[in-house]
Structures are given as C-alpha cells and as structure tokens.
Amino acid sequence: GGLVPGALTRRVLGACLVVTLVVGVVFVLIFTTFTAQRHAVALSLHSRNVLTTVDETERLLIDLETGVRGYLLTGEQTFLQPWTAARQAIGPQLEQLERLTVVPSQHARALRISEAVDSYLDDYSIPLVEAAQRGDPSGSSVASTAEGKRRVDELRDLYQGLRTAERGLLQRRDAESLARTRDTVIAASVGLAISIAATLLLAWYW
C-alpha cells in the first residue's frame, strides 16, 4: 500500500524545508558575490574620479603658469583673467583631491601637491604679478623665469607620481571588478540550477 496521509504530509514538509534551505543558501551566495562585485566597481569608479581631479588641478596649474608668463611678456591685463580664474578654482579642486585620495600613500602625495601649489602661488606667482603691476622689472628677469619653471616642473613630477600610482590602483581594481562579475554570474547560474533541481525534487516527492 501507499503512504498513510500523515507520512505523506511529513515527506512533503521535509521536502519543502530542504528546498527552502537550498534557496536560502543560494540567495546568500548570490547576494554576497553581488555585494563584492558592487564594491569592486565602486573602487574602480573612485580611482577614475581621482584621476579626473588630478587632471583638472594640473590644468589649472598650467593656466596659472601661462597667465603669468603672458602678462609678464605683454603687460596685457587679459592674460590675468585665466590666471585669476585658476587661482580661485584650484583651491577647492585640491581640497577635493585630498578628500578623494583615501589610500594613505596617495593622500600623502595629494598633500604634497597642495603644499607645493600653495607655495607656488604665495611665494612666487602672486608676488610676481604684484611686482609687475608696480612696474618692478625684476619680475621678468631670467632668474624669475627659471624659478617659475623649476617650481612647475617639480609639481608636474608630483602629479605624475600620483597619477601613475592611481592608474596602478585602477588596473588592479578593474581586474577585481571583472573577477567579482564572473563570480556573480557563476553564482547566479549555479543557484538557478540548484533551485530547479530542488523544485523538481519537491515535485517528485509530491
């Protein structure tokens, strides 16, 4: 004879419990891999934001340099317009760069850049413009030109060091993101297969 109703009920309940546990484990697996994948993608995007900010602050530095040079050579006030705009914008951009560089070594590089830019402005660029506005010829001397080039070259080296290191981070983070994406796809595929198998098992018990 067949199963008595009580035995059949117990088998069905047991099968349902097994399926529930399997689906729960699958869900946790998929959620874990998906969370890791999202974190890896977020880190990659963060590195790209750092690189964008590095490029923007360096562009503003070049605007400072070319503005001063143009003004000293020509005496035209129009050359001070991009210089003034860059002077106002570079501070907030450098603060953003410091906030974005959460890796200690990168944050230290960002701080060195900020200090060097502040020194370039306070100790060289602004006094040079003010001297030229007073008609002081020392501002256009060979020594002043060489000093400006030296400072800007040092800053470019600092920028390049930060940029190179961040690109290395980005490369590793992109690789991690790709690996986590593969893990998520595998987990979803395996989870689907297990869920189907568990459902068929339940149907067989039923």
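These lines cover the structure that appears in this document, whether it is placed above or below.

Basis of the calculations
- Residues numbered from 1 in each chain as written.
- Predicted model: local features only at pLDDT ≥ 70, side-chain atom pairs only at ≥ 80, totals over all residues.
- Heavy atoms only, no water.
- Helix = DSSP H or I, 4+ residues; strand = E, 2+ residues; numbered from the N terminus.
- Buried < 20%, exposed > 50% of the residue type's maximum accessible area, 1.4 Å probe, protein only.
- Contact = heavy atoms within 4.5 Å.
- Areas by Shrake-Rupley, 256 points an atom, 1.4 Å probe, with all protein chains shown as cover.
- Phe/Tyr/Trp six-rings, centres within 6.5 Å; stacked < 30°, edge-to-face > 60°.
- Patch = residues over 30% accessible without salt bridge, like charges linked within 9 Å, V, L, I, M, F, W, Y side chains within 5 Å.
- Salt bridge = Lys/Arg side-chain N within 4 Å of Asp/Glu carboxyl O.
- Lys, Arg positive; Asp, Glu negative; His and termini not counted.
- Charge placed at Lys NZ, Arg CZ, Asp CG, Glu CD.
- Expected span 1.5 Å × (residues − 1).
- Bend = angle between axes of the 7 residues up to and from the residue.
- Core = buried A, V, L, I, M, F, W, Y, C linked by side-chain atoms within 4.5 Å.

Looking now at the overall build of the chain. When helices and strands are tallied, the chain shows four helices and zero strands. The buried share of the chain, reckoned over its 206 residues, is 32%. Summarising the internal contacts of the chain: among those between residues at least 6 apart in sequence, 81% fall at separations of at least 24. Carbon together with sulfur atoms contributes 64% to the accessible area of the chain, which is approximately 12300 Å² in total.

Before going further, it helps to examine the packing of aromatic side chains. One pass over the structure, following the stated rule, counts one aromatic pair. Taking 5.5 Å as the distance between ring centres and 40 degrees as the angle between the ring planes, the aromatic pair formed by Tyr120 and Tyr124 counts as tilted. Taken together, the residues span about one helical turn, with Tyr120 and Tyr124 both in helix H3 (residues 104–133) at a distance of four residues. No difference in accessibility class separates Tyr120 from Tyr124, as the two residues are buried.

With that out of the way, let us pick up the environment of Ser177. Of note, Ser177 is situated in helix H4 (residues 142–205). With 135 residues separating them in the primary sequence, Ser177 and Ala42 have C-alpha atoms 8.8 Å apart. For Ser177, the contacting residues outside a window of four places in its chain are Gln37, Ala40, Val41 and Ser44.

As a further point, take a nonpolar patch on the surface. Among the surface-exposed residues, Phe27, Val28 and Phe31 lie close enough to one another that they form a single nonpolar patch of about 340 Å² accessible area. Turning to its location among the elements, Phe31 is positioned in helix H1 (residues 5–74).

What follows deals with a negative patch on the surface. Residues Glu115, Asp118, Asp122 and Asp123 make up a contiguous surface patch of negative charge. Within the secondary structure layout, Glu115 lies in helix H3. Glu115 gets classed as exposed once you look at its relative accessible area, which sits at 56%.

Here the focus is H3. Look at H3: 42 Å from first C-alpha to last across 30 residues, which is about the 44 Å you get at 1.5 Å a residue. Approximately 40 degrees is the largest bend angle found in H3, and it occurs at Leu121. Just downstream of H3 lies Gly135, where phi reads positive at about 85 degrees.

Turning to the pattern of salt bridges, a few remarks are in order. Between side chains of opposite charge, pairing is possible as soon as their charged atoms come close. Taken as a whole and judged by the stated rule, the model has ten salt bridges. A salt bridge links Arg163 to Asp55; the shortest N-O distance between them is 3.1 Å. Pair noted here: Arg163 is in helix H4 and Asp55 is in helix H1, with a separation of 108 residues, a long-range link. In this structure Asp55 comes out as partly exposed when scored by relative accessible area, which is 41%.

This part is about the nonpolar core. Counting 27 residues, the largest nonpolar core has Ile90, Val117 and Tyr159 as its most contacted members. For this core, the elements supplying multiple residues, two or more each, are H1, helix H2 (80–100), H3 and H4. For this core, the leading source of residues is H3, giving nine residues. Leaving out residues up to four positions away in the same chain, Val117 has contacts with Ile90, Leu94, Leu155 and Tyr159.

That is the geometry; function is a separate question.
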